[in-house]
Amino acid sequence: MASLRLATSAARRAPSLIRVAQRGYAEASDKIQLSMALPHQSIFSSTDVVQVNLCAATGDMGILANHVPSVEPLRPGVVEVIESAGSKKWFISGGFATVHPNNKLTINAVEAAPLEDFSVESIRANLQEALKVASGNGSEEDKLEARIEAEVYESLQYALGSK
């Protein structure tokens, strides 16, 4: 207990010697450098953006400048990239997002496409087909693949409904 009082007393006497790291809120002018890559294509390469909204496995989250560094697994869903001139939404099938120090964000996705490239009718038809295979008499492997496919189509259908 005496050592704690001694440290507290020393800290009060010499406040300029002790620096405490503090996390502040993002300034309006702060930007994030976004890199978003697929195995076959780079969608963004160190592009300055205002905010990125992610569909993390733990829940939806928004990334602003000065965000705490973290690694987030991504579930099928929408990644919204907000730039100064507007926003663009991408549907991803899954992947990882890594928030680096110094306002850098990297998203590695297996597949991604602009949300406007999808048709509600084709999604509905493909979802019905996947559900039919998942509940059918096929092999266990086919059923598991169809369940994953159905999950992606359900996420895509939800994303198109909340455009």
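Residues numbered from 1 in each chain as written. Predicted model: local features only at pLDDT ≥ 70, side-chain atom pairs only at ≥ 80, totals over all residues. Heavy atoms only, no water.

Comments concerning the environment of I43
- Positionally, I43 belongs in strand 2 (residues 41-49).
- Overall, I43 belongs to the buried group, its relative accessible area being 18%.
- Spatially, the C-alpha atom of I43 lies 9.1 Å from that of A112, the residues being 69 residues apart in sequence.
- In this view, I43 contacts M36, L38, W90 and A112; residues no more than four positions away in its chain are not counted. (Helix = DSSP H or I, 4+ residues; strand = E, 2+ residues; numbered from the N terminus. Buried < 20%, exposed > 50% of the residue type's maximum accessible area, 1.4 Å probe, protein only. Contact = heavy atoms within 4.5 Å.)

Section: the pairing of strand 6 (residues 77-83)
- Pairing geometry for strand 3 (residues 51-56) and strand 6, over 3 bridges, is antiparallel. Bridging across to strand 6, Q51 finds its partner in I82.
- Inspection of the sheet shows strand 6 paired to strand 7 (residues 86-92) by 7 bridges, in the antiparallel sense. Looking across to strand 7, one finds that V81 is bridged to K88. (Pairing = 2+ DSSP bridges.)

Geometric descriptors of this kind do not, in isolation, establish any biological role.
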